[in-house]
Amino acid sequence: MLSLFSHLLLPVLLLLLCQPLQAAQQDPLVRLAAMPNASLLLEENGKTVASKQAGRQMIPASTLKLLTALAALEHWGKEHRFETRFYLQDDVLWVRGGGDPFLVSEELDLIVTALQEEGVNKLDGITTDATLFDNNLQIGGRSSSDNPYDAPISSLAANFNTVSYKKAANKIVSAEPQTPMTALGKSVARRYAKKKSRGRVNLVSEENGPRYFAELLAAKLRLAGVSVKNSLSAGQVPRGLKPIYTHKNSRNLSKVVAAMMEHSSNFSANSLFLLMAGDKGPLDMKKAQQRMQKWIRKRFSWKKFAVVEGAGLSRENHLSARQLLEVVKAFSPYRELLPNHKGKVLAKTGTLRGISCYAGFLKRDGSWQPFSLLINQPSDYYFRVRVAEALSTRHRLPTALCGKDC
């Protein structure tokens, strides 16, 4: 009888003993504390309340966009609007790209209306000038995939150099009512439509960007009743030619940054990164890197860091959690531009293969507090969110997350 009782009791005892261990394994903060390649820093009212390897250089992924956005906002100001200039010579419309990262279809509608108001009713052709950016940009971490996040960068671009398509009655058409399908758009989409009947793909090369812009503008002009011949070319605006219209984007920099953060737009981030290098082309990544490094050293006095592009695509980018927290704190006046998670977290995610990061502000006791989390080892996608939620709601944090700074 005793043997039978022991046999029945043993599983119950094992279950009771395992429950605390399972609970600890499920606790995101305990899991984080045990991760060898993770760093964290959380402050509350200026005092460090959680710290793990905060000085270690890590790959920030797209949390680097916080640094790019801060630099842009301090460089131009929240109300800045990017410009695109239009010139007319012998019924040929010249378009000089100014690097505006947000020339979406609706913006082209505004341009068409403005050109008509300037008396444009027929055109023998459209010539694009996209010489502000170098035409052979080498952006670290950008791959040759068809994904929108790998879109090429050009100083004149429509819809982030992407095309949204769908198949209808065995034809490739636009998936957006505001965007006519163009010849180049159809050619690009056709490569992928065999595998996927609907999607958004990028334009593959920098040269395609200005061409697609010209095609889309021509299509919208025709829809508005303007006669446009099929003469589309590229070149440089003739010296001395005065613009007939300068388009200022309807969205200011604050709105551009908010959209960039929400959608993690690599196109917008690296466009801003390049534009901060100056206003005379050709601007390339080397010039942009030098300008950014100069600003970083002046703004933060950092000695050890690596920033090779502005979106966080490259694994050569390196920041520590302490440095990233400095960026977050400096970003405090603009925190409303960050994605909002359940009213508890205002923060930017960062994701690469085997990399999961999160940085911004979390609410503790009713006030926003800065945090930075850099995980450079595999973890499930939502683990960083669970960590942030736990940091937000729990007063007592694991002692293992209270390093020498606490």
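Everything here concerns the structure above.
Presented here is a report on the structure given in the accompanying data block.

Parameters at a glance
Residues numbered from 1 in each chain as written. Predicted model: local features only at pLDDT ≥ 70, side-chain atom pairs only at ≥ 80, totals over all residues. Heavy atoms only, no water. Pairing = 2+ DSSP bridges. Helix = DSSP H or I, 4+ residues; strand = E, 2+ residues; numbered from the N terminus. Axes fitted to C-alpha atoms, helices over the stretch in contact; angles between N-to-C directions. Contact = heavy atoms within 4.5 Å.

1. Topic: the sheet that holds strand β10 (residues 198-202)
Moving on, step 1. Strand order in the open sheet made by the 3 strands is β9-β8-β10, with antiparallel pairing throughout. Two strands in the sheet have a free side with no partner beyond their single neighbour: β9 (171-174) and β10. Adjacent strand axes in the sheet meet at a mean angle of 35°, parallel and antiparallel pairs treated alike.
Moving on, step 2. This element, helix α5 (residues 183-193), spans β8 (162-168), β9 and β10 of the sheet and lies at about 65° to β8.

2. So, the environment of tryptophan 295
Moving on, step 1. With respect to the element layout, tryptophan 295 can be found in helix α9 (residues 285-300).
Moving on, step 2. Here the alpha-carbon distance between tryptophan 295 and histidine 75, two residues 220 residues apart in the chain, equals 9.7 Å.

3. Looking at the sheet that holds strand β17 (residues 355-364)
Moving on, step 1. With antiparallel pairing, the 6 strands of this open sheet are ordered in space as β2-β1-β18-β17-β16-β15. With one partner strand each, in any of the chains shown, β2 (47-52) and β15 (340-341) form the two edges of the open sheet.
Moving on, step 2. The sheet contact formed by strand β1 (residues 38-44) and strand β18 (residues 367-375) spans 5 bridges and is antiparallel. Counterpart to leucine 42 in the pairing with β18 is phenylalanine 371.
Moving on, step 3. Sheet strands in contact with helix α10 (residues 321-330) are β1, β17 and β18, and its direction is about 145° off that of β18.
Moving on, step 4. The sheet contacts of helix α11 (residues 383-393) involve β1, β15, β16 (345-352), β17 and β18, and relative to β17 the element is tilted by about 25°.

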